[in-house]
Structures are given as structure tokens and as C-alpha cells.
Protein chains: 2
Amino acid sequence: MLSCFPSWFVEVKMGDISQNLKPETIVDQVTTGAIEGSQKRWSSAPGRPDIRVPYREIALHPSANEEAVRVYDTSGPYTDENASIDVKKGLEKPRASWIAQRGFAQQKARDVKPEDNGFASEMQAVPVCPAQHDVYSGAQAKLVTQYEFAKAGIITEEMIYIAHRENACREKMAEGSEMRRADGEDFGASIPPFITPEFVREEVARGRAVIPANINHPELEPVIIGRSFLVKVNANIGNSAVTSSAAEEVDKLVWAIRWGADTVMDLSTGRNIHNIRDWIIRNSPVPIGTVPLYQALEKVGGVPEKLTWEIFRDTLIEQAEQGVDYFTIHAGVRLQHVPLTAKRTTGIVSRGGSIMASWCLAHHRESFLYEHFEDICDIMRQYDISFSLGDGLRPGSIADANDAAQFAELETLGELTKIAWAKGCQVMIEGPGHVPMHKIRANVTKQLKECGEAPFYTLGPLTTDIAPGYDHITSGIGAAMIGWFGTAMLCYVTPKEHLGLPDRSDVKTGVITYRIAAHAADLAKGHPTAQLRDDALSRARFEFRWEDQFNLSLDPDTARSFHDETLPKQAHKTAHFCSMCGPKFCSMKISHDIRREAERKEGMEQMKDVFQEHGHKLYVPQEEVDAVID
Amino acid sequence: MLSCFPSWFVEVKMGDISQNLKPETIVDQVTTGAIEGSQKRWSSAPGRPDIRVPYREIALHPSANEEAVRVYDTSGPYTDENASIDVKKGLEKPRASWIAQRGFAQQKARDVKPEDNGFASEMQAVPVCPAQHDVYSGAQAKLVTQYEFAKAGIITEEMIYIAHRENACREKMAEGSEMRRADGEDFGASIPPFITPEFVREEVARGRAVIPANINHPELEPVIIGRSFLVKVNANIGNSAVTSSAAEEVDKLVWAIRWGADTVMDLSTGRNIHNIRDWIIRNSPVPIGTVPLYQALEKVGGVPEKLTWEIFRDTLIEQAEQGVDYFTIHAGVRLQHVPLTAKRTTGIVSRGGSIMASWCLAHHRESFLYEHFEDICDIMRQYDISFSLGDGLRPGSIADANDAAQFAELETLGELTKIAWAKGCQVMIEGPGHVPMHKIRANVTKQLKECGEAPFYTLGPLTTDIAPGYDHITSGIGAAMIGWFGTAMLCYVTPKEHLGLPDRSDVKTGVITYRIAAHAADLAKGHPTAQLRDDALSRARFEFRWEDQFNLSLDPDTARSFHDETLPKQAHKTAHFCSMCGPKFCSMKISHDIRREAERKEGMEQMKDVFQEHGHKLYVPQEEVDAVID
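Residues numbered from 1 in each chain as written. Chains lettered and ligands numbered in written order. Predicted model: local features only at pLDDT ≥ 70, side-chain atom pairs only at ≥ 80, totals over all residues. Heavy atoms only, no water.

The name an unreviewed UniProt entry assigns to chain A is Phosphomethylpyrimidine synthase, from the organism Swingsia samuiensis. Here chain A is described in UniProt, under the heading Function (unreviewed entry), as follows: "Catalyzes the synthesis of the hydroxymethylpyrimidine phosphate (HMP-P) moiety of thiamine from aminoimidazole ribotide (AIR) in a radical S-adenosyl-L-methionine (SAM)-dependent reaction." (UniProt positions renumbered as here; feature names shortened; annotations may be inferred.)

Structure follows, in C-alpha cells:
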């Protein structure tokens, strides 16, 4: 998965900036501290005190007389006030003991080669991450992947962790869960009112969900991607041309997960990418995805036709040992598909897709990724790296949506999915791109059919091409809809898409926009816990609990600052009115009067009688109201 | 229509700011000048040189070898480099001669009363707008409204104007119009491939479209609101507590239409609102809507129970004579509906709705708006003011969406629609609010059924409650969807919704977001001209015509500045690569190579033969490709 312009992404080769990096100038600061108005908490899965799952707790004002609200938390230990963070040491390793029990062979790590870091000279080099890291690989005869364990009927610790996490660490069904599920429209997903570890196992075994979790990434807090679960969000990051420190690169990850990215793709290119990737993985609580083809291309000087299977294979192993959790593999771009793109309005817009199309054309032969697909499966299975089968021929414009090239590739991805499953691998499928609203549903329907319900992972889609500068919004519309229809993970798009490199503010805007899309999808699907947060926030709004309203929002800092621009005084934050109506007249206040009136049941009944004498049916009897509302 | 926090809206009563305004400090500057990269043009309707319709022309780089792109233009004379703008004189009056022919009686204007301007003292007063303005009203025996003309089989000048405008001033069907219409899904709208004046008349006569056009607003550039036409966008403005000049108030209008608002609602309260409204209408090329109840409430000191039919009636006439084009009338909030809101999570959130509910409760009697509905029709018909039947009981949270109160009111609005039509009035219907995605479609279906397909005019809807600070996005998702399903006009929501008062930047963001939603809906409905702009922009993108890409976008200034942040040099704006891939490798460049290869048809055929010898079907024959793609 990648967008035309991945985050913070600079092709170092093009820059005229060449800065020598001195190791001694490296700082080790990343963004830490609780998200405003909430506290990081940990909860053990039922019956498993050793499996500790994070959540965020938002305490409400005492006047609310409500329990604190628990929300899903992607931010890792960075928001834990009690955690000590040192990027040189890396994160704690919650999965280490689980992995240790599985009896994988420890192996000597592949030697780092000069080309792994783009032949960076010593003065240009980002240092190696000093965090300790053993390398494991699974043998052919053993169960290695979550898919293999699931098929064998074994519930892994990751599955137990995920079940508790998806329930927002509640130990029983949330009130109204059944009702909410029934109220939603899930287009054939099997969302239960409460997630059990066994349900997680079943979905993984059916191939309908993946748990990207390389056995060399023990720092991971496991997450599941599947349409019976909460919709997930991916953010892309990449190295800067001017890398002043490894911590700066790690902070891009930390910043993205702080605002809600469930997974992060590292799309770095150029120099130092091996070492930077190591810093990122050792400090990442979320699954890290990459496009190994990008690094392979770097190793051949950026010339697609020089790519070989051997170089690509070596790159897979290099990244596998580091602990990358999922790989985008563009094996669906076959030689025969290339002519289908010739008459397109915008040709091939995927970087991976155009690299492979270029290679196929230059050599006049079938893609080496397609021809070596089983070999790729064998490698990825060994480390339990999930496939993210790339959509190299996705449409890059409204004009090209749902065309022959796109769907021909999708059919190939369906074939490949079955091969990967047979090899024991976990698989998800990447999707478009640019699609007008009326053509979105067909993408999901076809993907589910062709790919045996393997999870769909889409970029947007953008629902119009006419708003560069606002493509987080053009695509947020498509993302919410495709998430509702069945996409399991949404790859974010920032406001800088098509125009330039996103900065810190753009990344936050992109992540928040996609959290909105994912949550809107969860609500529409009837995810049983999704509406709890909306309801809590709406009650806070109705009761003028301003601080609760800010704290319950996706971005408390922005909500608070927008409010304070207009009503800066402390008194206004506790006042029972808003900036619109002022203290004298207030819609919400009138509603409270109405509610009080209605609660005086006898009063209502009496009034009804009075008015019925006059031949009007002015009040509906309270019982009728109850019947309609309940 | 209003949101909880209308734009630039301050309840003067709550402010502790009390600034005396001196007429001599008034400036008369508003935002003028062409939108970057385009020119304002005018085109006469076929056969009617006197009916001149505006559009914006975006010229492309000569290398494109394409005609200039024509886009719908809402911005009025303000973007015409040749227009001389003087807010004291008001705009030219394109409708004056059309109205003059209709033989309406000129009447003496109602005297302005002190309460019309909130009892502003001389020192606090915004002066009267000096622009010349005669007042007309239509007699009972004459045809007055566009609906009456349409029913009588008469095509008005407004209808001719609108037909040409909806076709983006093309004089024949755009290429591929039939195909695009067939490609879309319009849910029962009757979108033709080319709009004729007769088609406009038919849609107005059926009540499926309205042309808000007060006979006292000759400055208007007519616009149609109906689901067989382009989806329209409304922006709300309102007076500031600190009004330094009338031009400042006019500039809010000018700024909103510059970015694409098709209509503007003036939701001002407090002092000076009569005079400010006059400045706005005399300088407005777009329909102006108001909620007369707000001003009526001002006249009784902000105390709902003091409202009377007489005060309300007088306010209607006051605003009608000024030239307001549509009124939000909350006549659907009946006494019997009030108890239905008692158990809601967020009660009544509409300001108009809560005023009327409060009045009904205080007096224990039926709404005076409901009881006097026919009288209201008689007044509005006289000036051809369109009804916007308010949804005073719209849901204010996901929890309250599609509830008994909301739908009971909608049924009442259906009754009222039929009464208004019988009286000769034009009618549209306001809709929610806060609705999760899976409940949006039902709103449109029920509205069309209950209200005889009268145009729907919705606020958002917001698809989740958890993102204050980003409610332009939560609602942009819902707006795009409901626009696709059949909403004719979308009321914008700004990032400050629920939190505070939008500033200039928020208004622009809100309007652009809603233009995205409306355009995404037009594409999905298969509006025959909608995709022309997407295609032109996509071709510009593919061919690295950066300036064309910026100029074709909804916000050229932002697109250009985002690009320049990363690639500031002039050379990069003409370079054939992007910031991601750099000059050496480029997806788009590879696509061009592929296209060139494919165009060498013989070459492809030969390659196919070569590979078929090896038993692979590597190339699809060009004929097959053509068949699939064309």
C-alpha cells in the first residue's frame, strides 16, 4: 500500500541537500505524555493476568454520574505517564514469552550490507539501533503463523489479547450490544455482540482476518484486521532527506499512533533505511508494514529493469529478520495486464505497480514476483509476515475506476490468496484509489468474491479528483463508505496528497480524518461498542459538560482550542449555554425544561385530558411515547 | 435551516462588548478579483442575447491541446475584473426588466421600526443601505411565483437562465453525456443529458425543484434547487457583535460565494439586523434565506412565550419587502410532537424548534405557525418567497437519529407542502442533522414520499458525534451520501460547529468541503457534465501540467501553496516528476512509456505472438483491450 505521496517521504536522490550526520548530535526525544483528559490503563484478559491489554480511560465530571469511558488505544507506552521511554533501548516486549514457548530456532542475523543503507558513508550514517534483538525463524514442520495455529484449533496469546482489546477491555457485553448489532447493516460480516478468543481464532482460520505479527517483533501489541472487527487505520511514514536523528524518525511513528493509527507503513527510500527501520520496529507497538520492492529498487540504483529475484529475495529476508509485520507484494501486476492500462486517463499510479510493469516491459517476460510467488510465501510464512497483496494497477482517477486493468489484477490477487493460504500465510488485499461513490460497493463485492473474503485494505478511495489540497476529505468520504461495506483497514490520505510531503500537522489531520471514517463505518455496521462513545459525548454536550465533551473527542486539543477562541473565560467552560444563544435563550436549556415537564407524568396526562376536551390530540399519551421511543 | 452555531454568529445580548459605530468609519471594500487561474465570462442563453449567464473559464496550457474548461460560477460580479463594485450602490439588476414585464404593483415600503434594528441607538446604528430599491408585490389574480408560471405552462426568463447555467453554458450536449448519465445511479431523479428550459419548467411545475427568487431581489442570478439538477450548497452567515462596517458584513457573503456557496442564509440577531440585511440583499447575486422567527424573537426581547402571530406576520412582510428569497418556517413543530422529544439524548437542538416548542409548552396550545400556515403562504406567494420548511425536531446526536419526533415532524411537513403548493408557493424541506451512515437513505426515501418529492435541503448529516473540531468532515461524509441519494441542497458545516464561531478560514473550509460533497454526489448520480472537470484535472496531473492542475482545483491557492512548500522552485512546476519519485524514477513517466508501446499496435501484436509461442498468454490482443476499455 502506498499513496502517490507517502508521508514525510523524500527521494533522497532528488534532493540537492546532502547533510553529513554526526552521531553525537542525535537526540532521543519522542512525543510522550497522556492524551489530554485521559489516562493510559492496562487490563488483563479474563483468566490471563499475564496478558495485559492497553486502553484509554476518560473520566467524566462527577455530575455526569457515569462510569469512565474506555476507548481503544493505539498509542503504545508513549502515553503512559509511568513508562520510561528510551528509544535506544526500545520498548518492552509483551510478546517475548509467548514467542519463546513456540520453540522457534534462533538464528544468526544476516550481515548488514552497504547497499542495505544505500551505501551511506560513515559520516552520513544513522547509527545502528542498540536495542537488543534476537532473530528467530520457524521451521517447516512447526506451526508458525497465526493462520496455522488457528487452522490447528489453537488459540494463541495474540488472539486472547485481541479479543479483550476489541471489547475495549470490558469483561461482559456492553449494554444494548445485541440491539446495536441488529440496528446496523454489516453486509454479511459476522459481528458478534461480544468478542471471544475462539471467535478471533475462527475468523483467522477462515482467512477473514489477519494478525500481522512477525515472530521477530516481540514489542508488538497485537491487532486484528478483519471485517468482523473494528475498522483499522494505517498511516504511512518515511524518512526525511535531512535526518537529524533516529529519534526524529521514531517520532513520526509515535505521532501517528498517538492520534489513532493502528498500523504504520515505513515507506522510506534512499540512504539509511535499514538502520532507520530497525529504530522504528524496536520502538513500535503497532504492526509495521513495508514495500520491500522499494528497498530492492534502491539496491539497483533506482533502475527497475536491473531488479532480480535474488536481490528481492535477499531484501525480504533482511526485512523479515528485522521484524516487519506485513509486506506489500505487487505480484498481481502480470505482463498480460500491462496493455490494459494503455488507454487509461492516468496510466499506472502505484509506484510498485509501475516498477513491475516497467520490469515486465523491459524484459518482455512475466513478473518475477508472480513467478516466484510460492518462494515468497515460504519466506513470509517462516516469520509470520502477513501478505498485503498490492494493487499495482489501482485507478488513479475517477475516469479509470473499476476498469479492466484494475479488475484483472484483482482476479489474479484472488488466485494468489489461495496459494498463500495453502502455504500457511496470512493475507490481506489492497484496494483503490480513486472511485466515485456509486462504484465503491462493487469493489468490495468483487474483492470478497475473488479473494475468498480475505480482509480488504483500501487507500481512500477518493470520490472526486477536483480537490487537491483537500484529498483527506475527498477520500475520507470514500473511506467511510468502503469501511461500512466491508473494508477492514483504511490507508490514510493527508491534505498534501498529490502535492507534496505531509508535515506533522498533515499527518495528524490525515489520521483523525481516517479515525472519523473508521468510526462512522463501525457505527453503520452496528459494532456493539462503537456508539458508546458517541452517546457519552452527546450526553456531555446536552448537559453542558464542556470538559467532558472535549476529552471524549478524537482530538481534545483542537476541540478545546476552538471553543476557547470564542469563549475564552473559564466561567464559560462550566456555563450552561453556548456561544450561539447566550445565557438568556438556549435550545438545550429549553429541552431540559421539556424533559422535566415530561417526567411529571401526571402533568402530561392531565394536559392531554384538558386539550382532548377541545377536540385536539395535543399530547400523545406517555405510554405511546414510551412505546415509540424505547 | 441552521446549525447549532451558524457562521460568524454572535448573540449580541450575551456579549459584554458594546461598541458605538460611527458611520464615517465605514469602509466599502469587499473581496474582488478573479479566482486564480480563471476568468469570469458571460454567455447568452441560446436565442436570448438579453439573458447573460456567468461561468468561469479555466484556460489550459497550449501543450494540452484542449478547450478551456467551463465551470459553474456562484461568485457574482465580484470576480469579474471588468465590474466596478460599490456596495453603497448595490449590484446591477439582471432580473429588473423580466420582473417589470410581469406587471406587479409597486407599493410603498413598510416603515422601518426601531425594533427592526434591535432598538439600536443612532450611535450604534449601521446606516441604511443607500442602494435604490423599489418594492413590489403580486396581486391575487396574477401569476406571481415561478411555480405558478410553471403550472400555467409559461417558461420564465429565470428558467431559460437556469437551463443554460446548469449546462455550464454549453450549447449542446457534452461528449459522452448519455453514457455518463447511464453510468450513474440517480435513485429515481430524472437527469437528462442536456437541460432545456422546458425541462426546468416541468420540474418546477411538479414541485420537484424550486427557484428561490423574490420579486424584490432583482440583483439575483437565478439558481435552481432540485434533485435532477446539480447539487447546491448553502453557507450561513451572521452579524458580528462588533460590526465595524456594512461592507464587512457584505464581505462574508462575498467570501462564501467566492468559494462556491450557491445560496447564503443570513442568521443575524441582535442590533442592526434590518439594515445589515438590506446591505446584504442589495449586494447579493445568490438567493438569500433567513429564519424570520429569529428576528421576531429579538422584537420580544428574546422571550419565546412573548411571540405572537402579529409580530411574526409583520416580520415576514418586513423581510419580504427587502427581497429575502426563502424563509425557514418551523411550522412542523406541533404541540403534540413535543413530548416525543422528552426521552431523547439531546432533546431539541434546532433553535427554531426549541423556540416553538417553548412557546407551545408555555401557552399549552398549538403552534401559531401551524395554525396560521395558510396566512403565511398568502404572504410568501405575494413576493414569491420559497418555503424552506424547517426541521425543528431534527436529531442532535447519533442516538436520536430517525426517531419518532423527527419522523412525526416530517409527516407534518408533508401535509404543509401540499397546502403551500395549493397556495401557489415553492417549497423545499429541511433535513437532519446527525445520522449514522446506515440510516441516511431512509431519510431521503421518507422525505420524498411524505413531501411529494419536494426538494430536500439537509444539514450534513454528521455521521458520528465524536469529532468536534472536525465536523465539516464528519458531516461531509453524510452530505456526499445524502446528496447522492437525492438531497438537492446541502447546508454546510464548518470546523467550529458545536464549539464556536467560524472565522474566514473556517467558512472557506466549510464551503470547499461541501463543494466536494456536492460534486461527489453529482458524479455518483451521473450528472452529464460533472466528470468533465475531474477528467481535465486528471489529464493535467498525468501530463505534469502542474499549473493546470492547480487552476482546475476547487481551491487553486491552497493546491499551489501546498505544492510550493515542498518544491518551491519554478523549475519544479514544469518538471515531469513529482516530489515523491524524483526525476530518475516516476510512475507516471513509466505509464507514458507503456502508452507509447501500446500505441505501436504491431509491436504489441508481435510480442503477443512471441510469447504465445512459449505457451503463455502474456499479451491480450489489442482488439480485446479496445473492447474492454472503450
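Caption draft 1: Broad picture of the sheet that holds strand S1 (residues 39-45) of chain A. All names here are of chain A. If you trace the 3 strands from one edge of the open sheet to the other, you get S1-S2-S3, paired in antiparallel fashion. In this open sheet, the two edge strands, each paired with only one partner strand, are S1 and strand S3 (69-72). Recorded for the sheet is a direction-independent mean angle of 50° between the axes of neighbouring strands. In this structure, strand S2 (residues 48-58) lies alongside S3, joined through 4 bridges in antiparallel fashion. Note that in S3 the partner of Ile58 across the bridge is Val69. Taken strand by strand, helix H3 (residues 157-166) contacts S1, S2 and S3, and its axis lies near 30° from that of S2. (Pairing = 2+ DSSP bridges. Helix = DSSP H or I, 4+ residues; strand = E, 2+ residues; numbered from the N terminus. Axes fitted to C-alpha atoms, helices over the stretch in contact; angles between N-to-C directions. Contact = heavy atoms within 4.5 Å.)

Caption draft 2: Looking closely at the packing of aromatic side chains. Enumeration over the complete set of coordinates arrives at 26 aromatic pairs over all chains. Where A:Trp309 meets A:Phe312, the ring centres are 6.3 Å apart and the plane angle is 35°; that geometry is what we call tilted. Of this pair, A:Trp309 and A:Phe312 both sit in helix H9 (residues 309-322), 3 residues apart, which is roughly one turn of that helix. Relative to B:Trp259, the ring of B:Trp255 has its centre 5.7 Å away and its plane inclined at 80°; by these criteria the two rings are edge-to-face. Taken individually, B:Trp255 and B:Trp259 each receive the classification buried, so the pair is uniform in this respect. Here the aromatic residues A:Trp309, A:Phe312, A:Trp359 and A:Phe368 are joined through ring pairs into a cluster of three or more. We note B:Lys496 situated over the ring of A:Phe562; from NZ or CZ to the ring centre the distance is 5.0 Å. Over the ring of B:Trp255 we find B:Arg504; its NZ or CZ atom is 3.7 Å from the centre of that ring. (Phe/Tyr/Trp six-rings, centres within 6.5 Å; stacked < 30°, edge-to-face > 60°. Buried < 20%, exposed > 50% of the residue type's maximum accessible area, 1.4 Å probe, protein only. Lys NZ or Arg CZ within 6 Å of the ring centre and 35° of its normal.)

Caption draft 3: Highlighting the domain arrangement of chain A. Residue and element names in this part refer to chain A. Each assigned domain of chain A is listed with its residue range as follows: domain 1 (95-531), domain 2 (544-575) and domain 3 (587-626). Measuring from the centre of the C-alpha atoms in domain 1 to the corresponding centre in domain 2 gives 36 Å. Every contact between the two is made by 5 residues of domain 1 and, on the other side, 5 residues of domain 2. Buried area between domain 1 and domain 2, summed over both chains or domains, comes out near 350 Å², and the portion from carbon and sulfur atoms is 69%. For domain 1, the biggest contributors to the area lost against domain 2 are Trp259, Lys508 and Ile512; these three give 76% of the whole. Run the count over domain 1 and domain 2 and you get 1 salt bridge. Seen at the junction of domain 1 and domain 2, the total is 1 residue pair in polar contact (both at pLDDT 80 or more). Here the side of domain 1 that touches domain 2 is composed, by residue class, of 3 nonpolar, no polar and 2 charged. (Domains from an automatic or database assignment. Buried area = accessible area lost by both parts, 1.4 Å probe. Salt bridge = Lys/Arg side-chain N within 4 Å of Asp/Glu carboxyl O. Polar contact = N/O pair within 3.5 Å; in protein donor to acceptor, adjacent residues only side chain to side chain. Nonpolar A, V, L, I, M, F, W, Y, C, P; charged D, E, K, R; others polar.)

Caption draft 4: Layout of the pattern of salt bridges. Residues and elements named next belong to chain A. All told, the structure shown has 103 salt bridges over all chains when counted by the stated rule. Between Asp391 and Arg394 there is a salt bridge; the shortest N-O distance is 3.3 Å. Each member of the pair Asp391 and Arg394 is classed as buried. Through salt bridges with shared partners, one network takes in Arg110, Lys113, Asp116, Arg277, Lys299, Asp314 and Glu318.

Caption draft 5: Up close: the side chain of A:Glu321. All names here are of chain A. With respect to the element layout, Glu321 can be found in helix H9. Buried within the structure, Glu321 lacks any salt-bridge partner; Arg110 is the closest side chain of opposite charge, at an N-O distance of 6.1 Å. Those residues in contact with Glu321, other than ones at most four positions away along the chain, are Gln107, Lys108, Ala109, Arg110, His133, Val135, Asn216 and Tyr383. (Lys, Arg positive; Asp, Glu negative; His and termini not counted.)

Caption draft 6: Region of the structure containing helix H15 (residues 471-485) of chain B. Residues and elements named next belong to chain B. The end-to-end C-alpha distance of H15, which contains 15 residues, comes to 21 Å, matching closely the 21 Å that a straight helix rising 1.5 Å per residue would cover. Of all 15 residues in H15, 15 are buried; the element is thus mostly enclosed. Backbone geometry just downstream of H15 places Gly486 in the positive-phi region, at approximately 145°. (Expected span 1.5 Å × (residues − 1).)

Caption draft 7: Expanded view of the nonpolar core. Counting residues in hydrophobic clusters, the biggest one holds 255 residues, and the most contacted among them are A:Phe312, A:Phe387, A:Met437, B:Phe312, B:Phe387 and B:Met437. Ignoring any residue separated from it by four or fewer positions in sequence, one finds B:Phe312 in contact with B:Pro292, B:Leu293, B:Ala296, B:Ile329, B:Phe368, B:Leu369 and B:Ile376. (Core = buried A, V, L, I, M, F, W, Y, C linked by side-chain atoms within 4.5 Å.)

Caption draft 8: Local environment of the environment of A:Ala518. Inspection of the secondary structure puts A:Ala518 in helix H16 (residues 504-525). In this structure A:Ala518 touches A:Val231, A:Val233 and A:Leu490, once residues within four positions along its chain are discounted.

Caption draft 9: Expanded view of the packing of helix H13 (residues 404-422) of chain B against helix H14 (residues 440-450) of chain B. Residues and elements named next belong to chain B. Taken N-terminus to C-terminus, the directions of H13 and H14 make an angle of 30°; their axes are 8 Å apart at the nearest point. Overall, the two elements H13 and H14 adopt an arrangement that is roughly parallel. In this structure, H13 crosses over H14, and the sense of that crossing is right-handed. Listed contacts from H14 to Gln406, Phe407, Leu410, Glu411, Gly414 and Lys418 of H13 are Asn443, Lys446, Gln447 and Glu450. The residue makeup of the contact of H13 with H14, split by class, is 2 nonpolar, 4 polar and 4 charged. (Parallel < 35°, antiparallel > 145°, perpendicular 65-115°, else oblique. Left-handed = near helix turned anticlockwise from the far one by under 90°.)

Caption draft 10: Representation of the sheet that holds strand S9 (residues 263-266) of chain B in the model. Residue and element names in this part refer to chain B. What the 8 strands build is a closed barrel, ordered S8-S9-S10-S11-S12-S13-S14-S15; its pairing is parallel. Strand-to-strand twist of the sheet, defined as the mean angle between neighbouring strand axes without regard to direction, takes the value 25°. Pairing geometry for strand S8 (residues 232-237) and strand S15 (residues 489-491), over 3 bridges, is parallel. From the neighbouring strand, Asn234 faces S15, where its bridge partner is Cys491.

Caption draft 11: Here's a closer look at the packing of helix H8 (residues 292-299) of chain B against helix H10 (residues 351-363) of chain B. Residue and element names in this part refer to chain B. In contact at an axis separation of 10 Å, H8 and H10 are set at 50° when each is read in the N-to-C sense. In this view, H8 runs oblique relative to H10, as classed from their interaxial angle. Seen along the crossing, H8 lies across H10 with a hand that is left-handed. Here H8 contributes Leu293, Tyr294 and Leu297 to the contact with H10, which in turn contributes Arg351, Gly352, Ile355 and Met356. Looking at the contact of H8 with H10 residue by residue, the class counts come to 5 nonpolar, 1 polar and 1 charged.

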